[in-house]
Amino acid sequence: MSGKTLIPVLGDQLSKNISSVYQQNRENCILLMMEVDEEATYVRHHKAKIAYILSAMRHHAKTLEAQGWLVDYVKLDDPDNSGSFSGEIARALERHHINEIRITEAGEWRIMAMIENWEDRFGLPVTVCPDKRFIATHQDFDDWAAGKKQLRMEFFYREMRRKTGLLIDQDGKPEGDKWNYDSANRKPAKGKLSIPQPIRFQPDETTQEVLDMVADRFSDHPGSLDHFHFAVTRQDAEQQKRKFLDDALPRFGDYQDALLSGEPFLWHSILSPYLNSGLLDPLDLCREVAQRYHDQDVPLNAAEGFIRQIIGWREYVRGIYWREGPDYVDRNHLDAQRPLPAFYYTGDTDMHCMAEAIGQTIDLAYAHHIQRLMITGNFALIAGISPQAVHQWYLEVYADAYEWVELPNTLGMSQFADGGIIASKPYASSGNYINKMSDYCQSCRYDVKQRIGEDACPFNALYWDFLDRNQEKLHGNNRLAMPYRTWEWMESHTRDQIRKQAATFLDQLSKN
Ligand code: FAD
Ligand code: DLZ
Ligand code: SF4
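Calculation rules
Residues numbered from 1 in each chain as written. Chains lettered and ligands numbered in written order. Predicted model: local features only at pLDDT ≥ 70, side-chain atom pairs only at ≥ 80, totals over all residues. Heavy atoms only, no water. Axes fitted to C-alpha atoms, helices over the stretch in contact; angles between N-to-C directions. Helix = DSSP H or I, 4+ residues; strand = E, 2+ residues; numbered from the N terminus. Left-handed = near helix turned anticlockwise from the far one by under 90°. Contact = heavy atoms within 4.5 Å. Nonpolar A, V, L, I, M, F, W, Y, C, P; charged D, E, K, R; others polar. Phe/Tyr/Trp six-rings, centres within 6.5 Å; stacked < 30°, edge-to-face > 60°. Buried < 20%, exposed > 50% of the residue type's maximum accessible area, 1.4 Å probe, protein only. Lys NZ or Arg CZ within 6 Å of the ring centre and 35° of its normal.

A. The packing of helix α8 (residues 234–252) against helix α10 (residues 282–294), seen in detail. Running from N to C, α8 and α10 cross one another at 35 degrees; their axes reach a closest spacing of 11 Å. The crossing of α8 and α10 is right-handed. Here K241, L245, D246 and L249 of α8 come into contact with α10, specifically with L285, E288, V289 and R292. Of the residues in the contact of α8 with α10, the class split is four nonpolar, no polar and four charged.

As structure tokens, then:
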């Protein structure tokens, strides 16, 4: 009797036509879905992130079964569960007569290394299929990058616009004659505004079972389950998508960089967990956004701004992740060594901006881009926290975090630890920027206008101290010429006071 094909379907491969399964014969295949301890604990993922992934996996398995696939589903609390993907493949090979393994490439170097072992370990042919959910293949990205001194997202993005035809007019030019409307995307959210709220989905029986199991098994992991709100099925994710397109997209462009107390979502889509695990398709979503523009439902700065995030940034960071290799994670250009302060897990700090961003992260496993970049990321950067510690935190706490997308954003864009492959200058700022873009400073115990003294906003002294500490590596950066000139123009005793202020704060931070 000839054997079957074993197709492991990983937790972020929940797409309708995942390449490993696409056009396979249902009779000849066994789809293996594995809940394993190793994936939940290689870093201590937020409880809600684990619950989201496991519940989405369970719902997806039911859909696949209803379509006639044979699904072998291993639950986390199965007493024989070996705890790892490789261990579960070994067990599945004992249960079934298998003559080959087929899998879509994984989203992490760690898992790819594991898969590369399988042929030797199991003595079976292993086919690794390319992940077709992205617009650029690895080859496309490498071809684009070849020979370039700088890999700027903007130029890659234009290639992706041309490749997809999104917001390209009949003459092959960008809609509105401009590629990028970023400068029209920087309004602070001030004045009377009606902010749309995403749908909060109530847990069904399957989700409740998972929530109970996660609460029980991962009680020492960060985060709360009390506010669990995720869609866990394709239908619900589609519903959330429509809500975003109708209510938030029209103003997404204007307020993309805004920050507001007590408003975790603003005009963002909250769709990243669904895009990254496969419940939503990125290109379909962008086509719908472009259609809304063509139907004159949304302005060009909104449609372009949104599409840029997906076919630009999202594709670009993936390209960088795979191009830079498995040791990208170890880079530390600025040699930052400080441990992550404990308040990153509690939000217990007097810095109101940090308390807001971290507090909602603990509650919701979500923060929007500017909170990640200009609040928690900016603070870690100017305080000299180890980029590896910062990376681990971001990978743990966000429901959308998988290494291919999280690492380049954290280590590259936010911490400048790759020396400028992604960002042309460090995203470092004083309290001034935060005050301009948010209302946070109005209810903070610190004074954003002060640099020195008990009440001075910590971001101020830390910002200048960061530039001072890293002169050797950053002084030659043209984009920092202005701030360095300002620093040099300051009286020498002012500079000393700033250094002292920063040192006292950092000293205190280490004791927390
Ligand atoms: P929206 O603002 O509505 O944007 C729409 C979509 O665009 C997002 O859903 C996402 O798919 C995509 N997108 C936007 N910005 C980026 C970007 N810089 N890189 C990749 N995709 C982008 N995004 C993740 O998906 N996973 C991560 O682990 C992650 N870690 C990050 C860590 C740091 C330090 C920073 C600065 C950014 C990180 N991002 C990450 C990017 C971005 O912050 C999130 O994609 C976004 O906040 C998700 O919320 P949203 O769906 O409401 O996004
Ligand atoms: C993140 C995660 C978690 C917490 N648990 C599982 C799991 O039990 N089973 C599974 O297939 N996937 C899980 N994942 C997602 C994987 O870590 C992800 O598929 C890999 O990191 C590849 O990107
Ligand atoms: Fe943050 Fe400083 Fe503003 Fe306080 S004053 S909210 S610490 S930027």
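B. How the structure looks around the packing of aromatic side chains. Taken as a whole and judged by the stated rule, the model has 28 aromatic pairs. Measuring from centroid to centroid gives 5.5 Å for F141 and W144, while their planes differ by 55 degrees, and the two rings are tilted. One end of the pair is F141 and the other is W144, both in helix α5 (residues 138–145) and three residues apart, which spans about a single turn. Taking 5.5 Å as the distance between ring centres and 40 degrees as the angle between the ring planes, the aromatic pair formed by F265 and Y366 counts as tilted. In this pair, F265 is assigned in the loop between α8 and α9 (272–277) and Y366 in the loop between α12 (352–364) and α13 (369–383), connecting sequence segments 101 residues apart. No difference in accessibility class separates F265 from Y366, as the two residues are buried. Through successive ring pairs, a cluster of aromatic residues spans F343, Y344, F379, W393, Y394, Y398, F459 and F505. The ring of Y402 has K49 sitting right over it, with the charged end atom 5.9 Å from the ring centre.

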